[in-house]
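The primary structure of each chain is shown beneath.
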Amino acid sequence: PVKMAEPESLQAILEAHLPADALRTVERMLYGESTPAVEVAEEVKAAAAAGKFEVKAFKFPCPKEQLRAPRLVRVGLIQNQIVLPTTDPIADQIAALHKRIGEIAETAAKCGVNILCMQEAWTMPFAFCTREKMPWCEFAESAEHGPTTKFLQQFARKHNMVIVSPILERDDVHQDTIWNTAVIIDADGNVLGKHRKNHIPRVGDFNESTYYFEGNTGHPVFQTRFGRVAVNICYGRHHPLNWAMFGINGAEIVFNPSATVGALSEPLWPIEARNAAIANSYFTCAINRVGTESFPNEFTSGDGKPAHTAFGHFYGSSYVAAPNGSRCPGLSRVQDGLLVAELDLNQCRQVRDKWGFQMTQRLDMYASSFAAAVEPDWKPQVVTPKH
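Below is a summary of the structure that appears in this document. None of the values given here were measured: they were computed from a predicted structure.

This paragraph deals with helix H5 (residues 147–159). Taking 1.5 Å of rise per residue, the 13 residues of H5 would be expected to cover 18 Å, and the 19 Å separating its terminal C-alpha atoms lies within 8% of that figure. Elements that come into contact with the buried residues of H5 comprise helix H4 (90–110), strand E4 (162–171), strand E5 (177–185) and strand E6 (191–196). Count one or two residues on from H5 and you reach asparagine 160, which has phi positive near 50°.

Here is the structure:
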């Protein structure tokens, strides 16, 4: 059978088949309150065309208040394919990705982006499906002093930009252990801190626990120049309590850098980060890589199906969601791209006042229930018929 090409995006399908009036109605039903597209400068369009990547920009409306000035922030999300084959020398692969992301990040600066986030493990192919240690562990580097952090520190200083950089971390202080980590670089170029992935998948080809275990950094929220930022890395988006703790710690924007494939998770993708924005009254930014990555040696998925060399299609579709439940259209499923969104962080408190989720969440009740549930002698609260 002939394999069909991957569709460009849900939005492209809607625009191709719906009249304008019907499209507006469907967008309202799918996306919530309208997020108007923002026209980007001609030099941005030219850079995107020359670099063969997509640029989309949207504004999330927010009512003006009498006592607080708007707290406008522009976030930028970068999704991309790997640049070189996975068989090329590691130094070349990293250098090519630095160059590629540097080009897109320069375009983000032209768009006035204040906080920029890349996809999970952006400096490498997502090789954890292979379960091979060599050569993939060689992509790991220091979060504080590695070449990727130094590269981005210069960029942050140059453009007064906060950067969230998800990498494979080599912890040279603790016996060279490896972690899946996001490094937060403040707008002055200094490393503000890091967060390690809290939840590690053991599903399908996501054999990540072969390389690193669950993180040990808790749920940190980083007070940056442009707002309070947190990072829920990839698989953590499937865990509502993970999202909740970032909100309890005061996050206003939570980035979800990811690497996930269509056959496994695409129906979940447009829902989870948006649900988290609603439940926790903060903005969420979901970023997924693009393309199909092939590896030199076959591996199996533990499902009885034949061995293969490709992980599957990473379907991009990066998007931003707001506390009021609205979201913007996503980026392409097949192209590199930059998504820019203008947010007013005042909306976080406005939605808390309107819906009262934080006031009514009953943390005291759940804290005692959870404390009891983890004990060996726990008995579920199940009511059975009396005979």
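With that settled, consider the nonpolar core. Ranked by size, the top nonpolar core spans 46 residues in total, and within it Val75, Ile115, Ile253, Phe255 and Val320 carry the most contacts. Discounting chain neighbours no more than four positions away, the residues touching isoleucine 253 are Val73, Val75, Ile115, Arg228, Val229, Ala230, Phe283, Cys285, Leu343 and Leu345.

Okay, the environment of alanine 12 next. Secondary-structure assignment places alanine 12 in helix H1 (residues 10–17). The sequence separation of alanine 12 and phenylalanine 155 amounts to 143 residues, and the corresponding C-alpha distance is 33 Å.

Right, let's talk about the sheet that holds strand E14 (residues 337–344) for a bit. Across the sheet, which stays open at both edges, the seven strands sit in the order E1-E14-E2-E3-E4-E5-E6 with mixed pairing between neighbours. Looking at strand neighbours, the two that pair on one side only are strand E1 (54–59) and E6, the edges of this open sheet. Sheet twist, expressed as the average angle between the axes of neighbouring strands with direction ignored, equals 25°. Note that strand E3 (residues 115–117) and E4 share three bridges and pair parallel. For isoleucine 115, the partnering residue across the bridge sits in E4 and is valine 162.

About the criteria used
- Residues numbered from 1 in each chain as written.
- Predicted model: local features only at pLDDT ≥ 70, side-chain atom pairs only at ≥ 80, totals over all residues.
- Heavy atoms only, no water.
- Helix = DSSP H or I, 4+ residues; strand = E, 2+ residues; numbered from the N terminus.
- Expected span 1.5 Å × (residues − 1).
- Contact = heavy atoms within 4.5 Å.
- Core = buried A, V, L, I, M, F, W, Y, C linked by side-chain atoms within 4.5 Å.
- Buried < 20%, exposed > 50% of the residue type's maximum accessible area, 1.4 Å probe, protein only.
- Pairing = 2+ DSSP bridges.
- Axes fitted to C-alpha atoms, helices over the stretch in contact; angles between N-to-C directions.

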